[in-house]
Protein chains: 2
Amino acid sequence: MPPFILLRSIALCISLSFASSAVAKERADMIIYGDYVLSMEEGAGVLKNGAVAVRDGVILAVGSRRDIEAQYSAWKTIHGKDKVLMPGLINGHTHAAMVLFRGMADDMTLIDWLQNYIFPMEGKFVDEDFIRAGASLACWEMIRGGTTTIVDMYFYPQVAAEIYQQCGIRAILGAPMIDYPSPGFTGWDDSFAAGRAFVQNFNDPMGRLTPAFAPHGAYTVVPEHLREVLAAAKELNAPMMMHVAESPSEMDVMAERYGNSSVRHIAGLGMLDFPLIAAHMVWPDEDEMDMLALSNVGPIHNPTSNMKTAAGFSPVPQMLAKGINVGLGTDGAASNNDLDMWEEIRLAALLHKGKSGDATIMPANTALAMATRIGARAIGLGDVVGSLSPGKRADMIQLSLTSPRMAPLYDIESHLVYVAGAHDVVTSIIDGQLLMRDGHVLTLSAAQVTKDAKVQAGKIRKALSAEK
Amino acid sequence: MPPFILLRSIALCISLSFASSAVAKERADMIIYGDYVLSMEEGAGVLKNGAVAVRDGVILAVGSRRDIEAQYSAWKTIHGKDKVLMPGLINGHTHAAMVLFRGMADDMTLIDWLQNYIFPMEGKFVDEDFIRAGASLACWEMIRGGTTTIVDMYFYPQVAAEIYQQCGIRAILGAPMIDYPSPGFTGWDDSFAAGRAFVQNFNDPMGRLTPAFAPHGAYTVVPEHLREVLAAAKELNAPMMMHVAESPSEMDVMAERYGNSSVRHIAGLGMLDFPLIAAHMVWPDEDEMDMLALSNVGPIHNPTSNMKTAAGFSPVPQMLAKGINVGLGTDGAASNNDLDMWEEIRLAALLHKGKSGDATIMPANTALAMATRIGARAIGLGDVVGSLSPGKRADMIQLSLTSPRMAPLYDIESHLVYVAGAHDVVTSIIDGQLLMRDGHVLTLSAAQVTKDAKVQAGKIRKALSAEK
């Protein structure tokens, strides 16, 4: 025991000599402090000068600095001066490795973008190396910005899983399956078989990764195939994720092909009764929202992507008012063009005020909850993460409040929503493991991920200019 | 002459010994480089490996590194490795010192916000010290984020002018005038008289500041007073700035009181024929946009503020299509809650796609132009700033491209609009004067502006809790 620790223990024992708890303090692995602590439990508000005790990757207790220090001792502490401590953010829908297409093609119609840029380049370049480079870059950016859980839907999920294990992020990995040819597959049969095998054989010793079924969408997978997915998901007890009711063009296709909307179509297949992460959900009608409220569906709002691709504005306040757990996501960086959840939080808070004409409709706290507590429920991890609550996994972040942009400070939640950005995040912890300290990501090298991304981008750039 | 400079000169003389221009290079004060240079002249695109020569605060030439170095010599150079060089951003509408109300009150109706928070606190606390602290904090944030020109409308403009002179920012300062009591004034007569005197007596030895008349709005200033303003503006040849057609409640008041819309009302007063910076402009109809296209009005789009206060979505693409010069602004930080023009650029690019259902309606380059070339025209400084053009003032910024968030890089304009933020800006230059280097603002102390802001906020916080 180093002398200064010994002295501190003696001092504590003396100062607390009348309290029997002082000599029988519970052991914690780590105590993390915050001048402001947002547990993000419902109605909990902001705790000033607080702390969180962590052991074996689990949150033991959240309370005032004084209470936590009276009850717990820990060898490792992370100070909280001029910092806010809160749950890590949950990116409920992304295609992580698509970050390698960031800015490759913008400001064009969805059809032009997909058919002339994304699909051809995916067909040519998405392989295991692409996924390694893309998932690594995406993880660096997401950990740097305070995201601790992601819901990822992209090719070669077994390769992405290796990257996520190495960098330490928590993830639900959807194995993509679609009726058309896609990287590595000729169509439905092999993509479904590979996805099923991925889910069935998945093994994650760290317990942070969850395999899932990811049928692309109701307009790209025929009903009998969606039924196969649902049966397999039930059999293997794995969640599903899918794009649902994203764009006017999807709604047109569904109306023409099935005489139905996307939500009613998949409801008819029984897909609303089993956990389903439903990305985008821009176009549910009133009755469909009532159906969603009674279902196991977690819609994910992707405001930047929905604007950038001109998909429309999702009726998020209406869904929340009906008790639906609506999470937040960045979508892939190809249609965003970054993976900054703070921008999604801010946009969620702003957009619906502008659309509704009601400035009270989406308070700052609600937007924050969509990226934490409510978002965790939307993706089926409501008991695991999303708030700083005893028994939940210790996924948390600290933001620095020292920038002049954060002055003055009247309301910490307001600043988190309307001012904060990825660069204000300084600490990231998952399962009690420190992934970022002082703004430096510890599990990935910024230089290496940039270098690897450039190698992949070089090939893509060459192919783009050859086609021009 | 230091030895390495001597050697370099000799080497240059040898390598260029056949070119007579090598020995007769024109003197520049400074050459600034950029791996990518965006002049933001119409249709100019992106120049790779470029440079800008500056003398006496004016841009001499923009060209390739090789051409600029062949023609100009300068003792001072600023390297451009991994940087983009572009014009400084133009914040076309703000209330700078209101940054001290940042996050004081959010997510409430406009009436509640104004009547129960902003107006009472302004009445109690806005004095010269408040303006000094607020304008300093705002300038720090704006210079840090790459804004080089601001259009400011707030109380005690003569005090703000002192701060702007000290920190070196370019500004149009509107003297506020309103029919109701306001900080320092009992109503119209004294606010107009003081504003007129401010404009008439204004003296700025550096030439970066322009005084202006700032009647608050058509619903808060009666027609005869607006006529007074117009006459005085013409007499003193000073521009006007005003909130115009901002919110549904303004439109309701105008319809009830005058049986007219805001734009038609001020058109009837002759205010469209003289330079007018028209903040917000959310609710012009088709005919009014045609009138604006023939006028001297520069509408300023404030997307964040318009969403946050639930004012609505301005028909920006329609105005641009009619040839109207629409600029961009942050509004005051009380309704934003920061002064980051990159967020406004990104929102301008995203919002109108989502609203129109057309992903091609607002290309990245247009959003950038609104914050530079077009924005400069909107505020009447189109010949002075807004692009890197020979003869214009040397207002320019560099952004770093080294963050993994900027990888890969296919399209620099895409990254500037959809990825970049204030923290990526590393250099700011106004009139050839270096205001920020390596991300450090040179003319203001971050610690001091934060400290001064906290002093003011302490008083406000006390008053807020006393009222609860």
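So, here's what we can say about the structure. Since this is a predicted model, take the numbers as computed values, not measurements.

Now for the pattern of salt bridges. All names here are of chain A. By the definition in use, this model includes 44 salt bridges over all chains. Arg-208 is paired through a salt bridge with Asp-431; the nearest N and O atoms lie 2.9 Å apart. With a gap of 223 residues between them, Arg-208 in the loop between helix 7 (188-201) and strand 9 (209-215) and Asp-431 in the loop between strand 15 (425-430) and strand 16 (433-437) connect regions that are remote in the sequence. With a closest N to O distance of 2.8 Å, Arg-405 and Asp-424 form a salt bridge. In this pair, Arg-405 sits in the loop between strand 14 (396-400) and helix 17 (412-418) while Asp-424 sits in the loop between helix 17 and strand 15, placing the two residues 19 residues apart along the sequence. Overall, the relative accessible area of 13% leaves Arg-405 in the buried class. Beyond isolated ion pairs, a larger network of salt bridges with shared partners links Arg-170, Arg-208, Arg-393, Asp-395 and Asp-431.

This part is about helix 7 (residues 223-236) of chain B. Residue and element names in this part refer to chain B. For helix 7, which comprises 14 residues, the first-to-last C-alpha distance of 20 Å matches the rise-based estimate of 20 Å (1.5 Å per residue) to within 8%. Among the residues of helix 7, Pro-223, His-225, Leu-226, Val-229, Leu-230, Ala-232 and Ala-233 are the ones counted as buried. In this structure, the buried residues of helix 7 make contact with strand 8 (170-177), helix 6 (188-201), strand 9 (209-215), strand 10 (240-244), helix 8 (248-258) and helix 9 (262-268).

Turning our attention to the relation of the copies chain B and chain A. Each copy superposes on the other: chain B lies on chain A with an RMSD of 0.0 Å after a rotation of 180 degrees and an axial shift of 0.0 Å. Considering both components of the superposition, the chain copies are consistent with a two-fold axis. Across chain B, the smallest distance between a C-alpha and the rotation axis is recorded for His423(B), namely 3.9 Å. A shared interface surface links the copies, since 100% of the contact residues of chain B are contact residues in chain A too.

Now for the interface of chain B and chain A. In this assembly, 59 residues from chain B lie in contact with 59 residues from chain A. Where chain B abuts chain A, roughly 4500 Å² becomes buried across the two surfaces, and 65% of that area is made up of carbon and sulfur atoms. It is Asp107(B), Pro404(B) and Tyr410(B) in chain B that bury the most area against chain A; as a group they hold 16% of the surface buried on that side. The tally of links from chain B across to chain A stands at four salt bridges. With its nearest N and O atoms 3.2 Å apart, the salt bridge here joins Glu343(B) to Arg346(A). Linking chain B with chain A are 25 residue pairs in polar contact (both at pLDDT 80 or more), by the criterion used here. Of all the secondary structure elements, the ones that give two or more residues to the side of chain B that touches chain A are helix 4 (128-144), helix 11 (303-308), helix 13 (341-356), helix 16 (412-418) and helix 17 (446-467) of chain B. Taken together, the residues that form the side of chain B that touches chain A break down as 30 nonpolar, 15 polar and 14 charged.

Residues and elements named next belong to chain A. Those residues of helix 6 (residues 157-167) not exposed but buried are Pro-157, Val-159, Ala-160, Ala-161, Ile-163, Tyr-164 and Cys-167. Looking at the packing, one finds that the buried side of helix 6 touches helix 5 (128-144), strand 7 (147-153), strand 8 (170-177), helix 7, strand 9 and strand 16. Of the residues one or two after helix 6, Gly-168 is the one with positive phi, at around 90 degrees.

Quick look at the environment of Ser356(A) now. All names here are of chain A. In this fold, Ser-356 is placed in helix 14 (residues 341-356). Classification of Ser-356 by relative accessible area gives partly exposed; the value is 38%. Taking the C-alpha atoms as reference points, Ser-356 and Thr-148, separated by 208 residues in sequence, lie 31 Å from one another. Here the side chain of Ser-356 touches His-352 through a polar contact of 2.7 Å, landing on its backbone oxygen. A polar contact of 3.0 Å, which involves the side chain of Ser-356, links it to the backbone nitrogen of Asp-358.

Let's shift gears to the environment of Phe198(B). All names here are of chain B. Inspection of the secondary structure puts Phe-198 in helix 6. Sequence separation between Phe-198 and Ser-182 is 16 residues; the distance between their C-alpha atoms is 16 Å. Not counting chain neighbours up to four residues away, the residues in contact with Phe-198 comprise Pro-157, Gln-158, Leu-173, Ala-175 and Pro-211.

As a further point, take the packing of helix 5 of chain A against helix 18 (residues 446-467) of chain A. All names here are of chain A. Where helix 5 meets helix 18, the closest approach of the two axes is 9 Å, and the angle between their N-to-C directions is 135 degrees. With respect to their mutual orientation, helix 5 and helix 18 come out oblique. With respect to the hand of their crossing, helix 5 and helix 18 are arranged in left-handed fashion. Here Asp-129, Phe-130, Ala-133, Ser-136, Leu-137 and Trp-140 of helix 5 lie close against helix 18, whose contacting residues are Ala-446, Val-449, Asp-452, Ala-453, Gln-456 and Ile-460. A class-by-class count of the residues in the contact of helix 5 with helix 18 yields eight nonpolar, two polar and two charged.

In this section: the pairing of strand 12 (residues 297-301) of chain A. Residue and element names in this part refer to chain A. In terms of burial, strand 12 is largely enclosed, as five of its five residues are buried. Burial along strand 12 is two-sided: Val-297, Pro-299 and His-301 facing one way and Gly-298 and Ile-300 facing the other are all buried. Strand direction decides the pairing type here: strand 11 (residues 276-280) and strand 12, joined by four bridges, are parallel. Following the sheet pairing, Ile-277 is matched in strand 12 by Gly-298. Between strand 11 and its parallel partner strand 12, the chain crosses via helix 11 (residues 286-293), and the hand of that crossover is right-handed.

Residue and element names in this part refer to chain A. Backbone torsion omega between Asn-336 and Asn-337 reads 10 degrees, so that peptide bond is classified as cis. Here Asn-337 is to be found in the loop between strand 13 (327-328) and helix 14. Its identity is not glycine, yet Asn-49 carries a phi of approximately 55 degrees, on the positive side. Of the residues examined, Asn-49 reaches a relative accessible area of 40% and is grouped as partly exposed.

In this fold, His415(A) is placed in helix 17. Under the relative-accessibility criterion, His415(A) is labelled buried at 0%. A polar contact of 2.8 Å, which involves the side chain of His415(A), links it to the backbone oxygen of Pro408(A). Those residues in contact with His415(A) that lie beyond four places of it in its chain are Met406(A), Ala407(A), Pro408(A), Leu409(A), Ala420(A) and Arg102(B).

A separate point is the packing of aromatic side chains. Applying the stated rule across the entire model yields nine aromatic pairs over all chains. Taking 5.2 Å as the distance between ring centres and 40 degrees as the angle between the ring planes, the aromatic pair formed by Phe101(B) and Phe130(B) counts as tilted. One end of the pair, Phe101(B), is in the loop between strand 6 (89-94) and helix 3 (110-125); the other, Phe130(B), is in helix 4, with 29 residues separating them in the sequence. Here the two residues Phe101(B) and Phe130(B) agree in accessibility, since each one is buried. Ring geometry for Trp188(B) and Phe192(B): centres 5.5 Å apart, planes at 10 degrees, overall stacked. Within this pair, Trp188(B) and its partner Phe192(B) are both found in helix 6, separated by four residues, close to a single helical turn. Trp188(B) sits in the buried class, given a relative accessible area of 4%. Over the ring of Tyr418(B) we find Lys308(A); its NZ or CZ atom is 4.8 Å from the centre of that ring.

Reading the values: rules and limits
- Residues numbered from 1 in each chain as written.
- Chains lettered and ligands numbered in written order.
- Predicted model: local features only at pLDDT ≥ 70, side-chain atom pairs only at ≥ 80, totals over all residues.
- Heavy atoms only, no water.
- Salt bridge = Lys/Arg side-chain N within 4 Å of Asp/Glu carboxyl O.
- Helix = DSSP H or I, 4+ residues; strand = E, 2+ residues; numbered from the N terminus.
- Buried < 20%, exposed > 50% of the residue type's maximum accessible area, 1.4 Å probe, protein only.
- Expected span 1.5 Å × (residues − 1).
- Contact = heavy atoms within 4.5 Å.
- Least-squares fit on C-alpha atoms with pLDDT ≥ 70 in both.
- Buried area = accessible area lost by both parts, 1.4 Å probe.
- Polar contact = N/O pair within 3.5 Å; in protein donor to acceptor, adjacent residues only side chain to side chain.
- Nonpolar A, V, L, I, M, F, W, Y, C, P; charged D, E, K, R; others polar.
- Axes fitted to C-alpha atoms, helices over the stretch in contact; angles between N-to-C directions.
- Parallel < 35°, antiparallel > 145°, perpendicular 65-115°, else oblique.
- Left-handed = near helix turned anticlockwise from the far one by under 90°.
- Pairing = 2+ DSSP bridges.
- Right-handed = clockwise from strand over helix to strand, strands pointing away.
- Phe/Tyr/Trp six-rings, centres within 6.5 Å; stacked < 30°, edge-to-face > 60°.
- Lys NZ or Arg CZ within 6 Å of the ring centre and 35° of its normal.

Any functional reading would require information beyond the geometric quantities listed.
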